[in-house]
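# Per-entry structural report
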Amino acid sequence: GFFQSCAVEVDVKDASNATCLYAKWMMRFLIKYETNSSDYKNTTLNLSSSVTHNGSVCGNDTQAALLAVQFGEGHSWSINFTKTNETYQGDFITFTYNTNDTAVFPDAKRKGPITIVVKDTMRPVQLNNVFVCHNTDFFEAENVTQIFWNVTVQAFVQNGTIGKKESRCRADTPTSAPTVPPTIANVTTASTTTLSPAPTTAPKPVENPDTGNYSLKSGNKTCLLATVGLQLNVSQDKPLLININPKTTSADGACGNTTATLKLNDGNSTLIGF
């Protein structure tokens with residue numbers, strides 16, 4: 001399933017064995033790579049159950065904090081955090097995948113480690129607050145999509161104690177519908193005036209998704225055609241239904257000799273791979 005992966009938990013200690021950097025999150029990677037036959041394949045790299053965090057650094061007023069993990073056959077991921085007098089935030093994410101891992105990259109044309117760097121979009125977080133984001137977030141760069149969810153992180157932890165106050169990401173923050181004053185109808189007779197509030201309507205349920213047509217081409221020929229209506233049922237704190245809108249969804253992927261991969265990227269930051 002889309003949300004299946006191993007959770008990572010890292011607790012970095014300082015010289016006095018007090019926690020200085022804490023993180024727990026889930027992530028996976030969708031990677032497009034070239035094969036020896038010069039076509040492209042899509043593969044998924046998940047975290048293994050054994051993850052190390054060698055090279056992680058607490059950081060201070062003059063040095064960035066660094067959260068670094070290593071997993072699988074030569075893969076690694078890291079993010080550095082900078083701080084001001086009042087806030088901290090993520091700076092750059094560095095991801096290295098190793099195409100010598102033949103279980104993940106069979107028949108890869110380019111061999112060895114490949115590194116990409118992307119700028120993190122995390123908003124500044126108040127010092128002593130924990131950053132939390134249960135919703136899915138992703139970064140796309142150089143044929144790699146990095147996907148994150150169920151993120152909890154605090155850099156520059158003070159006195160070894162994880163903060164109790166949370167700073168939520170935008171996607172986790174509920175949006176309140178604007179308050180609309182009730183409509184008052186004036187009904188006038190010869191002797192009386194009646195004021196009647198407009199009837200209230202129940203919340204509208206999520207409708208069935210619209211059907212979309214998605215296709216992939218190999219050269220000038222269509223190699224994959226899908227006609228489907230898609231709805232995601234995301235089970236987190238509360239069940240959440242998300243319809244994929246064909247009008248704002250783009251298709252990407254690759255066709256091989258025996259398999260094909262279709263990736264749908266919705267304008268609401270919903271990513272699906274088949």
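Summary of the structure given here. (Residues numbered from 1 in each chain as written. Predicted model: local features only at pLDDT ≥ 70, side-chain atom pairs only at ≥ 80, totals over all residues. Heavy atoms only, no water.)

The subject of this paragraph is the packing of aromatic side chains. Taken as a whole and assessed by the stated rule, the structure comprises 8 aromatic pairs. The interplanar angle of 40 degrees and the centroid separation of 5.5 Å between the aromatic rings of W25 and W77 together place this pair among those described as tilted. Here W25 is found in strand β2 (residues 19-34), whereas its partner W77 is found in strand β6 (residues 75-83), with 52 residues between them in sequence. For the residue pair W25 and W77, the accessibility class agrees, reading buried in each case. The rings of F29, Y33, F71, F95, Y97 and F105 are connected pair by pair, giving a single aromatic cluster. (Phe/Tyr/Trp six-rings, centres within 6.5 Å; stacked < 30°, edge-to-face > 60°. Helix = DSSP H or I, 4+ residues; strand = E, 2+ residues; numbered from the N terminus. Buried < 20%, exposed > 50% of the residue type's maximum accessible area, 1.4 Å probe, protein only.)

With respect to the helices, strands and loops of the structure, H75 is situated in strand β6. Given the relative accessible area of 2%, H75 is considered buried. A distance of 2.9 Å separates a polar atom in the side chain of H75 from a polar atom in the side chain of D101. Leave out the neighbours within four places in its chain, and H75 touches L45, V69, Q70, T96, Y97, N98, D101 and F105. (Polar contact = N/O pair within 3.5 Å; in protein donor to acceptor, adjacent residues only side chain to side chain. Contact = heavy atoms within 4.5 Å.)

In this section: the pattern of salt bridges. Within this structure, the stated rule accounts for 6 salt bridges. Close ionic contact of K13 with D11 constitutes a salt bridge, the shortest N to O distance being 3.5 Å. R168 serves as the salt-bridge partner of E166, at 3.0 Å between the closest nitrogen and oxygen. Within this structure, E166, R168 and D172 form a network of salt bridges that share partners. (Salt bridge = Lys/Arg side-chain N within 4 Å of Asp/Glu carboxyl O.)

Turning to unusual backbone geometry, a few remarks are in order. One non-glycine residue with positive phi stands out, namely D107, at about 65 degrees. With respect to the helices and strands, D107 occurs in the loop between β7 (87-98) and β8 (113-119). Of note, the phi angle at N150 is positive, near 50 degrees, even though the residue is not glycine. When you line up the elements, N150 lands in strand β12 (residues 144-154).

Attention now moves to the state of the cysteines. If you walk through the whole model with that rule in mind, you get 2 disulfides. In this model, C20 is linked to C58 through a disulfide, with the two sulfur atoms separated by 2.0 Å. Taking the torsion about the S-S bond as the criterion, the C20 to C58 disulfide, at about -70 degrees, is left-handed. Note that C20 is positioned in strand β2 and C58 in the loop between β4 (51-52) and β5 (65-71), a separation of 38 residues in sequence. Judged on exposure class, the residue C20 and its partner C58 are both buried. Each sulfur of the disulfide joining C133 and C169 lies 2.1 Å from the other. In this structure, the disulfide formed by C133 and C169 twists by about 75 degrees around the S-S bond and is classed as right-handed. In this pair, C133 is assigned in strand β10 (residues 130-133) and C169 in the loop between β13 (166-168) and β14 (184-188), connecting sequence segments 36 residues apart. Here the two residues C133 and C169 agree in accessibility, since each one is buried. (Disulfide = S-S within 2.5 Å.)

To continue, consider the nonpolar core. Judged by nonpolar contacts, the single largest core of 44 residues is most densely connected at W25, L67, W77, F81, Y88, F95 and F131. No other element matches β2, which puts 8 residues into this core. Excluding residues within four positions of it along the chain, F81 makes contact with L21, A64, A65, L67, Y88, Q89, G90, M122, V153, A155 and F156. Grouped together as the second largest cluster of nonpolar side chains are 5 residues, M26, L30, F138 and I147 included. (Core = buried A, V, L, I, M, F, W, Y, C linked by side-chain atoms within 4.5 Å.)

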